[in-house]
Each structure stands twice: as C-alpha cells, then as structure tokens.
Amino acid sequence: MYVEALNQAIFEEMERDDSVYYMGEDVRASIYGASKGLFEAYGENRVLDTPLSENGFIGAAVGSSLVGMRPIVETLTSFMWVAMDQLISQLAKMKYMFGGQASLPVTIRAVMYYNNAAAAHHSDRNYPMFMNMPGIKIIVPTFPEDAKGLMKTAVRDNDPCIIFEDGNLGGIKGDVPDNKDKELLIPFGKGKLLREGTDCTVVGIAGGNIHALNAAEKLEKDGISVEVIDPRTLVPLDKKIILESVEKTGRLVVVDPAHKVCSAASEIISIVSEQGFWNLQAPPAKVAAEQVHVPFTQALESLIFPTEEKIMNAVKGTLE
Amino acid sequence: MISKEKQFLMLTRMIRIRLFESALIECQKSGEIVGSLHTYIGEEAVAVGSCVALNDDDYIAGNHRSHGHPIAKGGDINKAMAEIFGKRDGYCKGKGGSMHLADFSIGILGESGIVASSVPVATGAALASKLKNEEFISLVFFGDGASNQGACHESMNLAALWKLPVIFVCENNQFAVTTSYKDSVSVDHISDRASAYGIPGVLVDGQDALAMYEATSEAVDRARSGEGPTLIEGLTYRYEDHSLGLASVRRDQSYRSDEEVEKWKKRDPIEVLKSNMIKQEIITQKEFDQIEEKEKIAVEKAVDFARKSPFPAPEELYDDLFTDPIEYA
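Please read all numbers here as calculations on a predicted model, not as lab measurements.

Q: For this particular structure, what's the right way to read the overall build of chain A?
A: The secondary structure content of chain A amounts to 12 helices and 12 strands. For a compact globule of 320 residues, the expected C-alpha radius of gyration is about 20 Å, and chain A comes in at 19 Å, within 12% of that figure. Dimensions of chain A, computed from C-alpha atoms along their principal axes, come out at roughly 60 × 45 × 40 Å. A total of 320 residues make up chain A; the buried ones form 58% of that total. Taking the intrachain contacts of chain A between residues at least 6 apart in sequence as the baseline, contacts between residues at least 24 apart amount to 79%.

Q: I would appreciate a short explanation of the sheet that holds strand β8 (residues 230-235) of chain B in the present structure.
A: Paired through backbone hydrogen bonds, the strands of a sheet run either parallel or antiparallel to each other. Residues and elements named next belong to chain B. Read from one edge to the other, the open sheet built from six strands follows the order β2-β1-β3-β4-β8-β7, with strand pairing classed as parallel. The two strands at the open ends of the sheet, each matched to only one other strand, are β2 (108-112) and β7 (201-205). Between one strand axis and the next, the sheet turns by 20° as a mean value, whatever way the strands run. Here strand β3 (residues 138-143) pairs with strand β4 (residues 166-172) via six bridges, running parallel. Bridge assignment links S138 to a residue of β4, and that residue is V166. Of the strands in this sheet, β1 (59-63), β2, β3 and β4 touch helix α5 (residues 118-131), which is tilted by about 170° from β3. Relative to β8, helix α7 (residues 209-224) is tilted by about 170°, and along the sheet it contacts β4, β7 and β8.

Q: Can you walk me through the nonpolar core in this structure?
A: Most often, soluble globular proteins keep nonpolar side chains buried together rather than apart. By size, the foremost hydrophobic cluster in this structure holds 194 residues, and its most contacted members are I138(A), V202(A), V253(A), A122(B) and V140(B). Both domains that meet at this core, namely domain 1 (2-169) and domain 2 (192-319) of chain A, each give it at least three residues. With near-sequence residues (within four places) excluded, I138(A) lies in contact with Y127(A), F130(A), M131(A), I162(A), F164(A), T233(A), L234(A) and V235(A).

Q: Would you mind showing me how to read the environment of I278(B) here?
A: Mapped onto the elements of the fold, I278(B) is located in helix α9 (residues 269-279). Along the backbone, I278(B) and D241(B) are 37 residues apart, and their C-alpha atoms lie at a distance of 31 Å.

Q: For this particular structure, what's the right way to read the interface of chain A and chain B?
A: The parts lose accessible area when they come together, and the size of an interface is often stated as this lost area. Taken together, the 39 residues of chain A in the interface contact 37 residues of chain B. At the level of elements, α3 (54-66), α4 (84-92), α5 (94-97) and α10 (264-275) of chain A are the ones that each hand at least two residues to the side of chain A that touches chain B. At 10 residues, α3(A) tops the list of elements feeding residues into the side of chain A that touches chain B.

Q: What exactly am I supposed to notice about the domain arrangement of chain A here?
A: Residue and element names in this part refer to chain A. Considered domain by domain, chain A is made up of domain 1 (2-169) and domain 2 (192-319). Here the C-alpha centre of domain 2 lies 27 Å away from the C-alpha centre of domain 1. Each partner contributes residues to the interface: domain 1 has 24 residues there, and domain 2 has 24 residues. Breaking the side of domain 1 that touches domain 2 down by element, the ones donating at least two residues are α6 (127-131), β5 (137-139), α7 (144-156) and β6 (161-166). When the residues that make up the side of domain 1 that touches domain 2 are grouped by side-chain class, the tally is 15 nonpolar, five polar and four charged.

Q: Any chance you could explain the environment of L213(A) here in plain terms?
A: All names here are of chain A. You can see L213 is positioned in helix α8 (residues 208-221). Note on L213: 20 C-beta atoms within 10 Å, which makes it buried. Separated by 15 residues in the primary sequence, L213 and V228 place their C-alpha atoms 6.8 Å from one another. Setting aside chain neighbours within four positions, we find L213 in contact with L194, R195 and V228.

Q: Sorry, what's going on with the packing of helix α1 (residues 4-29) of chain B against helix α2 (residues 44-51) of chain B here?
A: Relative orientation and spacing of two packed helices are given, respectively, by the angle between their axes and the distance between those axes. Residues and elements named next belong to chain B. For the pair α1 and α2, interaxial distance at closest approach is 9 Å and the crossing angle is 140°. Relative to α2, α1 is oriented oblique. Note that α1 runs across α2; the crossing there is right-handed. Residues M10, R13, M14, I17 and R18 of α1 form the contact with α2, whose own contacting residues are E44, A45, V48 and G49. For the contact of α1 with α2, the residue count by class is five nonpolar, one polar and three charged.

Q: Would you explain the pairing of strand β1 (residues 20-24) of chain A in this entry?
A: Residues in a regular strand point their side chains to alternate faces of the sheet. Residues and elements named next belong to chain A. Within β1, five of the five residues are buried, leaving the element largely enclosed by the surrounding structure. The alternating pattern of β1 places V20, Y22 and G24 on one face and Y21 and M23 on the opposite face, and all of these are buried. Sheet topology places β1 next to strand β2 (residues 47-49); three bridges connect them, and they run parallel. When the bridges of β2 are listed, M23 appears paired with L48.

Q: Help me understand the sheet that holds strand β3 (residues 70-76) of chain A in this model?
A: Residue and element names in this part refer to chain A. Taking strand neighbours across the sheet as the criterion, the seven strands line up as β2-β1-β3-β4-β6-β5-β10 in an open arrangement whose pairing is mixed. Where the open sheet ends on each side, the last strands, each with one partner, are β2 and β10 (233-235). Strand after strand, the sheet turns through a mean of 20° between neighbouring axes, direction not considered. Taken together, the two bridges between β5 and β10 define a ladder with antiparallel strand orientation. Its bridge partner being in β10, I139 is matched across the sheet by T233.

Q: What should I look at first to understand unusual backbone geometry in this one?
A: With glycine set apart, most residues show a phi of negative sign, and most peptide bonds adopt trans. P236(A) follows V235(A) through a cis peptide bond whose omega is 0°. By the secondary structure assignment, P236(A) is in the loop between β10 and α9 (239-249). You will see that V177(B), though not glycine, has its phi angle at about 60°, which is positive. Positionally, V177(B) belongs in the loop between β5 (175-176) and β6 (179-180). The exposed category is assigned to V177(B), around which 11 C-beta atoms lie within 10 Å. The backbone phi angle of E281(B) is positive, close to 60°, even though this residue is not glycine. With respect to the helices and strands, E281(B) occurs in the loop between α9 and α10 (285-308). With 7 C-beta atoms counted inside 10 Å, the residue E281(B) sits in the exposed group.

Q: Just to check I follow, could you spell out α9(B) for this structure?
A: Residues that lie three or four places apart on an α-helix share one face, since the helix turns once every 3.6 residues. Residue and element names in this part refer to chain B. Regarding α9, the residues found buried are P269, I270, L273, K274 and M277. Buried positions in α9, seen along its axis, are confined to an arc of 130° and lie on one side of it. Opposite the buried face of α9, by more than 90 degrees, sit the exposed residues E271, S275 and K279. Downstream of α9 by one or two residues, E281 has phi in the positive range, about 60°.

Thresholds applied
- Numbering of residues begins from 1 in every chain and follows the order in which that chain's sequence is written.
- Written order decides the labels, with chains lettered from A and ligands numbered from 1.
- Per-residue local features are limited, in this predicted model, to residues with pLDDT of at least 70; the limit for side-chain atom pairs, both in listing and counting, is 80 or more; totals at the level of whole chains, interfaces and linings are taken over all residues.
- A run of H or I in DSSP becomes a helix once it reaches four residues, and a run of E becomes a strand once it reaches two; helices and strands are each numbered from the N terminus.
- C-alpha atoms define the radius of gyration in this analysis, and the globule rule sets the expected value at 2.2 Å times the number of residues to the power 0.38.
- For every residue, the other C-beta atoms within 10 Å of its own C-beta are counted; 20 or more classify it as buried, 12 or fewer as exposed, and values in between as partly exposed. C-beta atoms are placed from the backbone.
- Remark: residues whose backbone-derived C-beta atoms lie within 7 Å of one another are considered to be in contact.
- Two strands qualify as a pair provided that DSSP identifies no fewer than 2 bridges between them.
- Here an angle of 0 to 180 degrees is reported between the N-to-C directions of two axes, which are lines fitted to C-alpha atoms, with helices fitted over the stretch in contact.
- Residues enter a nonpolar core if they are buried, belong to Ala, Val, Leu, Ile, Met, Phe, Trp, Tyr or Cys, and are joined to the set through C-beta atoms within 7 Å.
- Segmentation of the chain into domains, including their bounds, is taken from an automatic or database domain assignment.
- In this classification, the charged set is Asp, Glu, Lys and Arg, the nonpolar set is Ala, Val, Leu, Ile, Met, Phe, Trp, Tyr, Cys and Pro, and all remaining amino acids, among them Gly, are polar.
- By definition in this entry, angles of less than 35 degrees are roughly parallel, angles greater than 145 are roughly antiparallel, angles of 65 to 115 are roughly perpendicular, and the rest are oblique.
- For a crossing to be left-handed, the near helix must be turned anticlockwise from the far one by less than a right angle; the clockwise case is right-handed.
- Each C-beta atom gives one direction from the helix axis, and the arc is the one those directions make.

Structural data, given as structure tokens:
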C-alpha cells in the first residue's frame, strides 16, 4: 500500500543515514500511518513529536539542515499556510540568496486530504503555489512504487523537496519491487507512461491518474485510445514525455486536483501551447478543481474535483 | 575579569563596524550602492559583546540590519562590502545584498530580511547540535519589533521545551521603523517574556559591550551544559533612520526628538568601552587612535575591493537556485 511504501522508504533512509531524522505532530503515535514503528526503532533523538507550531518547527528543520541534518517533516498541506514564512522566505530562498552557501536537504511530507468531507480548512492541494516559487522540488506520486522511490530520492537530495501525497491514495495497493538492495531510487524529472494510446494524451497529477486510467478504460470501449502520462514530479517537470506524446496524439487533457487557476494543468498546457503548438489538432483541456473553496456538504463537494466522467467528456471534446 | 585581548578585540570590531557603516553611507550618497541600507551605528556593543563570547564554530543568524553581525563575528569586510555593492566577489555573489550577508564558513547562517524569520532557523541549528550530541551552540539577533512575531514565541517555546543550546538576543533599539516598543510590547521589558517559557531573561545595557559579553557568556555556559536557552535584551539605540536609501521611507525623525538622539549619542558604545579600558589602564588614547587608523585603512581597502570586483554576468542569473540546475519552462 501507498502508506506502507512511504513507511518503508523512511525506515530504509533512517537506517542508512544517521543524519536523517523525522519530525511532526503526533508522529510517534503515527496517527496517519507513514511513521509507524519509527519511534520504537529509532527513539527520541530521531523521531520528534512537535508542539503545534508549524512555522517554528519547519524553521527548526531548515536550520538543522544548514548544519548537516537531513530532516523529514510530516505535515498536512493545510497546515503549511501557517509556516509559509519559513517555507518560502527561508527554505525556498536561502540557497540562492546566500550565493549557494546553504545546503538544504529538507524533505517535507505534505499530505493532501480532500473529497472526504474535510471542509475548506483541511482540503488544500496547494502544489501549484509552490511551483510558482523558485527553489523547491515538487513531487506528486500516485502509485506505491513511485511514492517509495521518490521519497528515498528526496531524502538523499540536497535541495528542498516537498512530497504532496494524495490522501485518497493512502490505501491504494500496488507492487513495490523487492527492496532487498534498498536502492529503489526514482529520479526526479522522469515521467512515466501509464497507458499507451493514440487519440488523446491525458496527463494526470497525483490522484488524478486513477480517474484518468479509469476513464481511459471506459473510453476504449467507445473506440477511443487514450495515452496516460504521470509526470511524477512537477519541479523538475518531464516536458519531453508530454511533448512527445502530444506529437503522437495531437490532443491534450490535463487532470489536476488543484484549483484550476494557475494550476499545474495551466502550466502544462502553457508549455504544450508554446512548445508543441503545431502538433495540436484541438484546443487542450483542463480538468481541474473548481475555483471555489471546498464546501463541507457532500452535495456540493462532489462537484469540485476531477472525475472519470469529466475526463471522458474532456477527451471526447478534443475529438469533436 | 574579561581579558585584555578580548577587550581589544571588541573595541576593534566595534570601530570596524562604525567605519564600515560610515563608508557605506558615503557610498550611498554618491550613488555607488543602491537599495535600502539599515545601518548598525549606535548598536555596535550588542553584536560585538555577544559574538566575542562565542567560539568560532558556534552559529549566529540575524536580521535586515545585517552588517554588524558578521563583522562582530570576524567576517571578511571585503566580501561584505562587495556584497552590498552587488558584486560577484561578495559573500553571496551579489545575490543577497545588504540585508542578507552570510558566511557559512565561520558559522554565520545568514541574515533575514523578514523580521524574526531567522529565529526558528537558529533554533534549528541548536536542535542539530543536540541531536548530534555536539558542543556547538547558536545565537540569534532580532529586534524589538520582531519580538512580537509568532516565530519568536514558537521558537522560544520549542527551545525551552527541548532545552536547546540557543541564545535569543533581542537588540531593542526601541523603534520598529517609527513605532516605539512602548507602543507595541505589552510588558515593560522584552526580557520579561522569558518567564512565560520558563527560561532566564536578562535586561542588559546594550551600550556596554562588557555587560553584553558577560550576559552572553553566562548564557553560553547554560547552553553548553544542556540547561537550554536564554533570552537577552540589549537596550540600545540606532543613530540613523530605520533605512537609508529607500525613497519610499520618508526621512522622518518626528517619532523621536533631537534631544533624545543626542542623549543616547552621549553614551556612545565605543566611547563607553574605550573610557572603561582607559580607566582599567589597558589602553591609551594613542593606541586607540592607532586601532582607528588601521581600521580606517582596512575599510578603505574594502571599498576599493568592492569597486574593483565585477558585477555578476547575465549567465549567472540562475546559478545556485538548485544544487544541479533545473530547467523551468
């Protein structure tokens, strides 16, 4: 499972390198699952339960990384708002602002819970805002293998990394390759072809890929062949795999659980429009979250996010 | 008793800061440097008294009033000057400027333009010391204005809770731009807030380098012996406006009277230390003049170094954003 894959990655990296430590709220009790067993295995100097002070403890993680530690910080996307000063003014900017003197091997696990009656304060999918800020690597794994391999790469990376984990994928099952050598490292900036097709390219972000694959399967029955691509990381972004796919299919739909304005989908469509325009046979389409806060009531929340049906309609729209 | 050598070191670094800042003011008037300039003149004893109490491998972090801190810790004034000129040989290759001096090689983890933002960072350096079971400690400078930021309070709670080897030094220069701390701080003294975290809070005469040194030394001992953080408030005064050079910040001294400024100038930190050293008969006026002359030449050389250093080239724009370059669309 996705959460277990993350847990394996964290265990392996903490075992491999003493400078890796884990911090966050309620991580010793592991209420979200990914830190299960860490405290028992590594103790109080490697697994830190923090006060509810996101700006304070994320800043402390940043400061510790400057002097040789490699923190993994667990938080929720919605709690990042109160830590924006440290995430942006320090974590993102320090290396550049200090002319390269700073090394910031910080991994932030930012879990996104949404589409589960969590209401406006616990449903954020804010990776596009961080894409807009130079200096942060942005990881959006969909499958357990990718979650594990990208997490391990992030911990070993010397730059700030934020892994946006889709909370709807926590229980998703998938094979993780035999990890006897403990070296499942997936490079950043390498997208993955999830399904081959010839009529339309669908690029999925995080949980968007699950809907995209389901839509592709249904569309196949209608005789429409959909290619599904998972970029896996948004910074750096594998432009090549997307542009080459569009060159083949001539059509593009991007599925993005984030709000649609200035979303990851906006950026991907912009890149294809600028650099692959002459390969397009139809206007690209964006299937992203509505530009409104997430309402509590399921009667309305169900209207917000990408669904199979919305993706199928968008793909058909490009073929009209 | 503070050794003669340490007192000379303090005096030298205070004079260096004063002359460095004075040279900057001239360079700004002549148009050679651009951007805002927050000078440390009048506050020298706070940074120097604290930094001389640290070891070379201890860490410091600071704020937008950034020049005094690295010089107090023994930073290279050529690199500092070149940085403020925006030149390639500056500490940050010209990318940080006046508010963001940093020298990681001697433990200066950088100065933050957002007030209080370096307080969590310094707390984190202290956390690393504890987790690694090492001896080094960290010290962070912030102002009276910054003391009202949540980052300060979160960090003091965290540091007290985990007994981290960090020293919080509030440089109370009494004004956040034009707002008096008396109009923005809910207690009489910022150091009073220490009791809320169960840590010692000390109010120190920030014009007296020896007093700052002694208070910091005590905090250093506490930090190194695992007893946790200390909050030190150095009551001081800035002679110049909040920021020089920003056209948008009106030169407005109406928030404080000329008499008040003159009163503080009469207790000038360099004079306070000098007269104390003369009283102890460890320095003569002649020796003082010699230090001043030597530092004057060093600062002139720094200005010359900065003038001669090239600006960064256009192709350096994206350098150092990441360890290995990433191509954005």
